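Listed below, chain by chain, are the residues.
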Amino acid sequence: MGNLLKVLTCTDLEQEPNFFLDFENAQPTEAEREVWDQVDVVLKDACTILDELQAYKGAGQEIREAIQNPNDEALQEKAWAAVVPLVGKLKKFYQFSQRLEAALHSLLRALTSETYVDPTQHLEREQALAKQFAEILHFTLRFDELKMTNPAIQNDFSYYRRTLNRMRINNVPAEGENEVNNELANRISLFYADATPMLKTLSDGTTKFVSENKNLPIENTTDVLSTMASVCKVMLETPEYRSRFASEDTVSFCLRVMVGVIILYDYVHPVGAFAKSSKIDMKGCIKVLRDQPPNSVEGLLNALRYTTKHLNDESTNKAIKAMLQ
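Below is a summary of the structure that appears in this document. Because the structure is a prediction, the values reported are computed rather than measured.

Cut-offs and rules
- Residues numbered from 1 in each chain as written.
- Predicted model: local features only at pLDDT ≥ 70, side-chain atom pairs only at ≥ 80, totals over all residues.
- Heavy atoms only, no water.
- Helix = DSSP H or I, 4+ residues; strand = E, 2+ residues; numbered from the N terminus.
- Rg over C-alpha atoms; globule rule 2.2 N^0.38 Å.
- Buried < 20%, exposed > 50% of the residue type's maximum accessible area, 1.4 Å probe, protein only.
- Contact = heavy atoms within 4.5 Å.
- Areas by Shrake-Rupley, 256 points an atom, 1.4 Å probe, with all protein chains shown as cover.
- Lys, Arg positive; Asp, Glu negative; His and termini not counted.
- Charge placed at Lys NZ, Arg CZ, Asp CG, Glu CD.
- Disulfide = S-S within 2.5 Å.
- Expected span 1.5 Å × (residues − 1).
- Salt bridge = Lys/Arg side-chain N within 4 Å of Asp/Glu carboxyl O.
- Phe/Tyr/Trp six-rings, centres within 6.5 Å; stacked < 30°, edge-to-face > 60°.

Observations regarding the overall build of the protein chain
Here's step 1: Across its full length, the protein chain carries 14 helices and two strands.
Here's step 2: Taking 2.2 N^0.38 as the reference for a compact globule, 325 residues should give roughly 20 Å; the C-alpha atoms of the protein chain span a radius of gyration of 22 Å, in line with that estimate.
Here's step 3: Dimensions of the protein chain, computed from the C-alpha atoms along their principal axes, are close to 70 × 45 × 40 Å.
Here's step 4: By the burial criterion, 54% of the 325 residues in the protein chain qualify as buried.
Here's step 5: Restricting to contacts in the protein chain with at least 6 residues of sequence separation, those with at least 24 account for 74%.
Here's step 6: Roughly 15600 Å² of accessible area belongs to the protein chain as shown, and the carbon and sulfur atoms make up 49% of that amount.
Here's step 7: Here the protein chain contributes 36 positive and 46 negative side-chain charges, whose respective centroids are spaced 4 Å apart.

Some words on helix 12 (residues 282-290)
Here's step 1: Of the positions making up helix 12, those classed as buried are M282, G284, C285, I286, V288 and L289.
Here's step 2: Lining the buried residues of helix 12 we find helix 9 (218-237), helix 11 (249-268), helix 13 (294-306) and helix 14 (318-323).

Topic: the state of the cysteines
Here's step 1: Counted under the stated rule, the structure contains zero disulfides.
Here's step 2: No disulfide involves C232; its sulfur sits 4.9 Å from the nearest other cysteine sulfur, which is in C254.
Here's step 3: Cysteine C285 is unpaired, with the sulfur of C232 as its nearest cysteine sulfur at 8.5 Å.

Digging into helix 9
Residues spaced three or four apart along an α-helix point in a common direction, a consequence of the helix completing one turn every 3.6 residues.
Here's step 1: Counted at 1.5 Å a residue, the expected span for helix 9 with its 20 residues is 28 Å, and the 29 Å between its end C-alpha atoms agrees.
Here's step 2: With 16 of 20 residues buried, helix 9 is to be regarded as a mostly interior element.

Let's talk about the environment of K92
Here's step 1: For K92, the position within the fold is in helix 3 (residues 73-111).
Here's step 2: For K92, a relative accessible area of 35% corresponds to the partly exposed category.
Here's step 3: A sequence separation of 179 residues divides K92 from V271, and the C-alpha atoms of the two residues are 35 Å apart.

Some details on the pattern of salt bridges
Here's step 1: A full pass over the atoms with the stated rule returns 18 salt bridges.
Here's step 2: Close ionic contact of E237 with K233 constitutes a salt bridge, the shortest N to O distance being 3.0 Å. Of this pair, E237 and K233 both sit in helix 9, separated by four residues, roughly a single helical turn.
Here's step 3: Among the residues examined, E237 registers a relative accessible area of 41% and is labelled partly exposed.
Here's step 4: On the basis of relative accessible area, K233 is assigned to the buried category, the value being 8%.
Here's step 5: Through salt bridges with shared partners, one network takes in E52, K89 and K92.

Considering the side chain of T250
Here's step 1: Following the sequence through the fold, T250 ends up in helix 11.
Here's step 2: Given a relative accessible area of 8%, T250 falls into the buried group.
Here's step 3: Each residue touching T250, except ones within four places of it in the same chain, is listed here: E24 and F245.

A few points about the packing of aromatic side chains
Here's step 1: By the definition in use, this model includes eight aromatic pairs.
Here's step 2: Centre to centre, the rings of F23 and F253 are 5.2 Å apart; their planes meet at 65 degrees, and the pair counts as edge-to-face. Taken together, the residues F23 in the loop between strand 2 (17-20) and helix 1 (33-54) and F253 in helix 11 connect sequence positions 230 residues apart. There is no split in this pair, since F23 and F253 are both buried.
Here's step 3: Ring centres 5.5 Å apart and planes at 70 degrees place the aromatic pair Y94 and F191 in the edge-to-face group. Here F191 lies in helix 7 (residues 182-193) and Y94 lies in helix 3, a separation of 97 residues in the sequence.
Here's step 4: The exposure class assigned to Y94 is buried, which follows from its relative accessible area of 8%.
Here's step 5: Through pairs of rings, three or more aromatic residues link up here, namely F93, F96, F139 and F143.

And the structure:
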């Protein structure tokens, strides 16, 4: 089993197996190599994307001055010159989301294939791919946390579109138009209008994967997600396993991954993650989140509160709703 150790069998959730998965050191086998290489190219760019987003300051000052002094051409030009390269970055982030969705599809194809009989075996024998799937989820939630706390992104893009439209009406050539044409601008605008754009990309992408693979039972996908949630929960709530992490960062990694797979499960499964028939121990997962230092998990609790699909369904257990109050 290499770095993947079976630790216990849960009895109250249809004997769902839980695993300790070594997210820090899993390496691809020959069978995993082709998919792993494809996804690795995307993940290598993920760190750069996060660094650029974290450093994104926006053109708020220049935009304010331009709006307050509409007849000052110099200030209009200064604001436009500040916004155009920023829009180039926003376009890059959006295009990365499309690459991320393609990588997700590659991993789901591998982890839900008939190579092995169930998700337990897939995660047991394809741990490097499981690790990459976890890294995509970790990136997604981190990206959205940064985006939600940066209003400059939507303000900059709105100003860019308004100015571009005004230039078109006045027949003024716009050098920035080559960067983002009108059709692409519409798609980018929809992307950033969502509170959690990367999570929406993954949720839509997972739903699309299921609908495009009609010969594949939906359980093949949802069981991979529920098993991954259990993997993370067990590692986080069991001191013996948690102590094996070489880095404390792996704790926040596991927490993000756990929340990410819950949200994906909630979107893809017909009745969602909060129903009685769900294969995810929601009470246990929320308790693990509640047991962390409060400031470190508020964003993740909010993700469960506001970006899941079925939390507010009548069928959701009142105790679970109360735990997320």
